[in-house]
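Here's the letter readout for the chains.
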Amino acid sequence: MLRAEKITKRFGDLVANDALDLAIDAGEIRALLGENGAGKSTLVKVLYGALQPDSGRIIFDEEVLRIANPSAARALGIGMVFQHFSLFEALTVAENIALALPSGRGLAEIARDLKELSARYGLPLDPATPVGDLSVGERQRVEIVRCLMQDPKLIILDEPTSVLTPQESDELFAVLRRLAEEGRAILFISHKLDEVRRLCHSATILRHGKLIGTCDPRKVSKGELSRMMVGEAVADIEVSPPMLGETALELRGLSMPAAGDFSQALHDINLIAPAGLVTAIAGVAGNGQSELFDAISGERLAPDDDMILRRGRPMGHYSINTRRFLGAAFVSEERLGHGAVPSFSLSENVILTHGVTDAMLARRGIIDWSTADDIREDACESFDVRRGVPNPAAGSLSGGNLQKFVVGREVVRQPDLLVINQPTWGVDAAAAAHIRATLSELARKGATVVVISQDLDEIFEIADQVAVLSEGRLSELIPRAELDREHIGLLMAGETSEAVVAA
Amino acid sequence: MRLEFKKRAAPSRVATWLAPVAAFALTLATGALIFLSLGKDPVAGLYYFFVEPLTVAWSLEELVVKMIPLALIAVGLCICFLSSTWNIGAEGQFIVGALAGSSVPILAPWLDGPAMLPLMLLAGFAGGMAYGLIPATLKVRFGANEILTSLMLVYVAELLLDWLVRGPWRNPDGFNMPESAPFPASGRVPAMPFMDVDRLTIAIIITVAAAIIVQFVLSRTLFGYSVRVGGIAPRAARFAGFDANRTVLWALGLSGGFAGLAGILEVAGPIGQLRPAISPGYGFTAIIVAFLARLSPIGCLAAAFVLSLTYIGGEGAQIAMGLSDKMARVFQGILLFFALVCDAFVFYRVRLVTARTGAAPS
Amino acid sequence: MSPDIFLAIAATIVTAATPLLIAALGELVVERSGVLNLGVEGMMIVGAVMAFAGAQWTGSAYAGLALAIVAGMAMASLFALLVLIFRTNQVVTGLALTIFGLGLSGLIGQAFIGFPGVKLQPVLFGFDILVYASLVLTAGIAWFLFRTRTGLILRAVGDNHTSAHAIGHNVIAVRLLAILFGGACAGAAGAYLSLAYTPQWVEGMTAGRGWIALALVVFATWRPVRVLVGAYLFGTVLILQFHAQALGVQVPSQLLNALPYLATIFVLVLISANSRLVQRNTPQCLGKPFAPDV
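All of the points below concern the structure found in this document. Bear in mind the structure is a predicted one, so any value in this text is a computation, not a measurement.

What follows covers the overall build of chain A. On a plain count of helices and strands, chain A comes out with 17 helices and 23 strands. The C-alpha radius of gyration of chain A comes to 24 Å, within 12% of the 23 Å expected for a compact globule of 503 residues. For chain A, with 503 residues in total, the buried portion stands at 50%. Here the contacts in chain A between residues at least 6 apart in sequence split such that 68% fall between residues at least 24 apart.

On to the overall build of chain B. Regarding its fold elements, chain B presents 14 helices and two strands. The globule rule puts the C-alpha radius of gyration for 362 residues at 21 Å, and the 22 Å found for chain B is close to it. Seen through its principal axes, chain B has C-alpha atoms that stretch 90 × 60 × 40 Å. The proportion of buried residues among the 362 residues of chain B is 56%.

Moving on to the sheet that holds strand S1 (residues 2-11) of chain A. Residues and elements named next belong to chain A. The strand order across the open sheet formed by four strands is S2-S1-S4-S5, and the pairing between neighbours is antiparallel. The open sheet terminates on both sides in strands that have one partner only, identified here as strand S2 (14-24) and strand S5 (63-65). Put simply, the sheet's adjacent strands are angled 25° from each other on average, direction ignored. Two strands pair when backbone bridges link them, and S1 and S2 are joined in this way by seven bridges, in the antiparallel orientation. The partner of Arg-3 across the bridge, within S2, is Ala-23. Contacts between helix H1 (residues 40-47) and the sheet are confined to S1, S2 and strand S4 (55-60), with S2 contributing the most and set at about 60° to the helix.

Accessible area lost upon the coming together of the parts is a frequently used measure of interface size. Facing 39 residues of chain B, the contacting portion of chain C comprises 41 residues. Secondary structure elements with two or more residues in the side of chain B that touches chain C: strand S1 (2-7), helix H5 (116-142), helix H6 (146-166), helix H11 (282-292) and helix H13 (327-347) of chain B. Here the element with the most residues in the side of chain B that touches chain C is H13(B); it accounts for eleven residues. In terms of residue class, the side of chain B that touches chain C is built from 26 nonpolar, seven polar and six charged.

The next thing to look at is the environment of Val104(B). Residues and elements named next belong to chain B. By secondary structure assignment, the location of Val-104 is in helix H4 (residues 90-107). By C-beta crowding, Val-104 is classed as buried, having 24 other C-beta atoms within 10 Å. Val-104 has contacts with Leu-111, Met-116, Leu-119, Met-120, Ala-123 and Gly-187, leaving out every residue within four places of it along the chain.

Let us now look at the pairing of strand S3 (residues 29-33) of chain A. Residue and element names in this part refer to chain A. Counting buried positions along S3 gives five out of five residues, so the element sits mostly inside the fold. Taking every second residue as pointing to the same face, both faces of S3 are buried, with Ile-29, Ala-31 and Leu-33 on one and Arg-30 and Leu-32 on the other. Relative to strand S8 (residues 185-190), S3 runs parallel, the two being bridged by five bridges. Directly across from Ile-29, in S8, lies its bridge partner Ile-186. Pairing analysis gives four bridges linking S3 to strand S9 (residues 202-207), with the strands arranged parallel. When the bridges of S9 are listed, Arg-30 appears paired with Ser-202.

For the rest of this paragraph, the subject is the packing of helix H3 (residues 61-85) of chain C against helix H4 (residues 90-109) of chain C. All names here are of chain C. Orientation of H3 relative to H4, taken along the N-to-C sense of each, is 150°, at an axis distance of 10 Å. By the angle between their axes, H3 is roughly antiparallel relative to H4. Note that H3 runs across H4; the crossing there is right-handed. Counting all contacts with H3, which are made through Met-75, Leu-78, Phe-79, Leu-82 and Val-83, the residues of H4 involved are Gln-90, Thr-93, Gly-94, Leu-97 and Gly-101. Along the lines of polarity and charge, the residues of the contact of H3 with H4 split into six nonpolar, four polar and no charged.

With that settled, consider the interface of chain A and chain C. Listed per partner, the contact involves 18 residues of chain A and 14 residues of chain C. For the side of chain A that touches chain C, the secondary structure elements donating two or more residues are helix H2 (70-76) and helix H3 (93-100) of chain A. Element by element, the count of residues in the side of chain A that touches chain C is highest for H3(A), at four residues. Partitioning the side of chain A that touches chain C into residue classes produces ten nonpolar, five polar and three charged.

Right, let's get into the packing of helix H2 (residues 40-58) of chain C against helix H9 (residues 209-219) of chain C. Residues and elements named next belong to chain C. Contact geometry for H2 and H9: axes closest at 7 Å, N-to-C directions at 135°. By the angle between their directions, the pair H2 and H9 is classed as oblique. Crossing geometry of H2 relative to H9 is assigned as right-handed. On H9, the residues touching Val-40, Glu-41 and Met-44 of H2 are Arg-209, Gly-210, Trp-211, Ala-213 and Leu-214. Its residues assigned to classes, the contact of H2 with H9 comprises five nonpolar, one polar and two charged.

Time to look at the sheet that holds strand S7 (residues 154-158) of chain A. All names here are of chain A. One open sheet holds the six strands; their spatial order is S6-S7-S8-S3-S9-S10, and the pairing between them is mixed. Every other strand in the sheet has two partners, leaving strand S6 (78-81) and strand S10 (210-215) as the edge strands with one partner each. Adjacent strand axes in the sheet meet at a mean angle of 20°, parallel and antiparallel pairs treated alike. As paired strands, S9 and S10 are joined by five bridges and run antiparallel to one another. From the neighbouring strand, Leu-206 faces S10, where its bridge partner is Leu-211. Against the sheet, helix H5 (residues 136-148) touches S6 and S7, its axis set at about 175° to S6. Sheet contacts for helix H6 (residues 166-181): S3, S7 and S8; angle to S8, the most-contacted strand, approximately 150°.

What follows deals with the pairing of strand S21 (residues 465-470) of chain A. All names here are of chain A. With six of six residues buried, S21 lies mostly within the body of the structure. Burial of the side chains of S21 extends over both faces: Gln-465, Ala-467 and Leu-469 are buried on one face and Val-466, Val-468 and Ser-470 on the other. Bridge count for strand S13 (residues 278-282) against S21 is four bridges, and the pairing is parallel. In the strand pairing of S21, Ile-281 is matched with Ala-467. For S21 and strand S23 (residues 478-479), the ladder comprises two bridges, and the chain directions are antiparallel. Bridge pairing in S23 places Val-466 opposite Ile-478. Bridge count between S21 and strand S22 (residues 473-474): two bridges; the pairing is antiparallel. Residue pairing for S22: Leu-469 is matched across the bridge by Leu-474. The hairpin formed by S21 and S22 contains two residues between the paired strands, and Glu-471 there has a positive phi angle of roughly 50°.

All right, on to H6(B) then. Note on helix geometry: an α-helix contains 3.6 residues per turn, so any two residues three or four positions apart are oriented the same way. Between its first and last C-alpha, H6(B) extends 30 Å over 21 residues, near the 30 Å set by a 1.5 Å rise per residue. The buried fraction of H6(B) is high, at 19 of 21 residues.

Right, let's talk about the environment of Ala258(A) for a bit. Residue and element names in this part refer to chain A. The residue Ala-258 is located in the loop between strand S11 (247-256) and strand S12 (266-274) in this model. Distance from Ala-258 to Glu-291, taken between C-alpha atoms, is 8.4 Å for residues 33 residues apart in sequence. Beyond its immediate stretch of four places on either side in the chain, Ala-258 contacts Ser-263, Gln-264 and Ala-265.

A few words now on the environment of Phe24(B). Residue and element names in this part refer to chain B. Relative to the helices and strands, Phe-24 resides in helix H1 (residues 13-37). C-beta crowding within 10 Å serves as the criterion here: with 19 such atoms nearby, Phe-24 is assigned to the partly exposed category. Separated by 307 residues in sequence, Phe-24 and Phe-331 have C-alpha atoms that sit 9.9 Å apart. Leave out the neighbours within four places in its chain, and Phe-24 touches Val-306 and Leu-335.

Analysis parameters
- Residues numbered from 1 in each chain as written.
- Chains lettered and ligands numbered in written order.
- Predicted model: local features only at pLDDT ≥ 70, side-chain atom pairs only at ≥ 80, totals over all residues.
- Helix = DSSP H or I, 4+ residues; strand = E, 2+ residues; numbered from the N terminus.
- Rg over C-alpha atoms; globule rule 2.2 N^0.38 Å.
- Buried ≥ 20, exposed ≤ 12 C-beta atoms within 10 Å, placed from the backbone.
- Contact = placed C-beta atoms within 7 Å.
- Pairing = 2+ DSSP bridges.
- Axes fitted to C-alpha atoms, helices over the stretch in contact; angles between N-to-C directions.
- Nonpolar A, V, L, I, M, F, W, Y, C, P; charged D, E, K, R; others polar.
- Parallel < 35°, antiparallel > 145°, perpendicular 65-115°, else oblique.
- Left-handed = near helix turned anticlockwise from the far one by under 90°.
- Expected span 1.5 Å × (residues − 1).

Listed below in structure tokens is the structure:
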């Protein structure tokens, strides 16, 4: 149905797509597999008309075409479900859908079609609800229904499961299989090997913008797929048995109201994180992760002082810098604009988290830039941060390198409490492995490490104990020995611990 | 055919220096076109505007006199704009600073003596600061947009000045003129020593010192750092533990203070008394100065000189060619337009994409 | 108070409110598309002087009005070029537009100081065409924004330009048209001042009305009908200052003159204090530059 031949797309010196070929037939579910930065998103943007290739051609239904823009793609019958939803929070579900349809259909008519369609595929939606009020899973439903409203022949889904619980993913897969049975082609972009092996009939694998190969993922082993995707085999981290220390961080009945319309409230969160262990908080994005991070870091102060305890002492009212002063370090989820200032140099970014707490760095409020340079070098060397010049702007580093820098910046303070939100989000495999190893090592040396992560593979790799965050509530802790994917999945979907155990 | 913008990894060094020069050159070219359209000789027009003031001693002095308020206000505005606090009410803070400083000789003439001038300068700074803190407080406390509140307060300040010089503060011996009594000698800013000058005061030393100090504070202190982070990445500022509200209060307070200081230096300097109109829009022109200097306090000194030239040149051209004095404002607006456009080249690599270069070779 | 005086006052309120309403409606559309144009004052005053000039040259107030609309759009296109193509800071560019407009209007208007103006004649019940046009415009914009597909696209662009671009809407084109419409409205609002409100040319005659119009948009939380209410409230304040003196209120004239500005601050504080209301209604991309290919 669709063939892309020798697609090349450059961004400056970077060749994002290097003469890529891709073919997909009616009724086929094809995986586009690759790491972050492998060129998957660029390729699908080209197929969807959002980017123009520098060279190569696209053949759709036996016809060579130039897809000028997304509207043209939609008119051809190519639909797209974006990873970062392209939805409008202030507008209703029906309005969101109307925006992606050709003109000439009234909102009432659209709402009627929408109801019919969502009933047919089991994707319930209320047309009149503003999208801002919907959960992440519901928003994806809007994206999918919006795509289906145009009766597409080819549906492209960009990492659709990254925001779903395992059970929600299963439901999505059922819908996708049904769509394929109707004769539609489905291009499924992912870097998760298990789900690709479960869902897809075929796979195209990319690495560093190049085509590595195609295969039937049901017939090759997971290890083989992984080698094709990552290149060299990724070494497993050796986990030595933990040495249990004192309780270094305790949350006791932590509740916080939502900060705004698009924020999640926290409800009665209890957690004990002992020194020497990696404590992981699992959960689907948007269930209170960043709010929990803000509360533990002190970016937002807890309502009661003794909701957060450090070695038994209340610190809910301490500022973020007082907490740092007492040996804590924090790595936020968003690197650009939160954990680092993109237009500032790395040395300037050292000041961001060290400036107030490091007496050597700022004496009487005057910054000592040479000390900042020393800390920068320390962080960069111990974490192998690759840079062209010694002190580049943070925004010019690749995602993985910048993440290594912001983690390194905190590790060099030798914290006895490290709280890190999504440690390897958008990071290449080698850097991710390095970061995970560092976290484990830090814990083994006696620090308390709290990892907030959406990535279950990551959690299974490094966590000593896991709790699940869902709609602002935290489950009970599960020790490493009792970890089980299905159990965690049900907790992520909002089932209570008792219900999960009973089932 | 379209323009394609690619963000540069780091600002272009060449473009950084070239941009203000290019902006000025483009302004001159546009100015020539305007002169032509007005039926005036463009060469003569540009000469009177931008060359003649530099050739005569008295106008050179006047250039520096006019540059002082522009630079001093702009130095304060750098702090504000770097923190993304949009104080556009410097004109009002200038006026209120002048009023607060003038209140010393007008209301407490018995203070005549060496303490008079320092008190006036202090009161001027404090007055401007207090007036700047009004929009700051309204923003911090109620979230009211400081662009609009600070601007509305300009009109209020102008009317307050008008009321005072026509009412309670009018000179009883002034033949009913709307002016305050002239300040006593102890309440006047001394002229520059060792120089044969008439109107140029030691305010120029204060201005240069202010520029150097603020430059140091912004680039080398934790406070300056917090201002810069707060302006471009508010979330990162919170992560660093900086209080955003505190930054807004300091930024508007300090920039109001510098504007107020400029105000009292003006009325206690070249003017010597309060009048209904004490500023030809210095507070607004200083916004242009700050952006032409790309928010660098030291750079404000040079930019203020250029803008001062438009004022003096405008007066000269008015006399010599019968041009409207509004021509100066037009030049100022155009200069800011071009400064903004040229800055785009500092941060972006700009390329003209034609159908030919943009098409995919098949 | 006799009914006649009451009616006369009501009529003056309408004439004071009309330019605010027209300018604020234009800016509302601009801001709904995600662009903050602080140059309303500058576009308005250029509109005022060009309306006066056009009426002088042709003898027709309508020709003046047409010229003002064109001039407002020309000013707006300058702004659009800078913020949409060169991606300059919208706040600073708007300010530059105002400074430029104030200077340019003075330059053009120099020739017209003291000239008797051409008045826009009433068409119905003693009101001129722009009064009715402003009311129709209010309803028209409300209908356009909330009942048409193009209006929906405009709101979508203002809410999330990245998404709008991703699903294939032309963000730059939508914003360009919105900015031009805003310029046309500001030009017409300026024309109202120099053709109807006080039919003459006075330097700086907008006297901050462009800025008050900007505040009205916030006050109205980006809703056209509320702009109408706000404009008439402000018209009342503007008129009160004249009648207060006639009624023998003993306060300095400067205080009365300051009332509209103080009222603007007061209203802004009042509406902003309800942060939830403002947060929910503010177009999420307001003031943010759109950079598709960075």
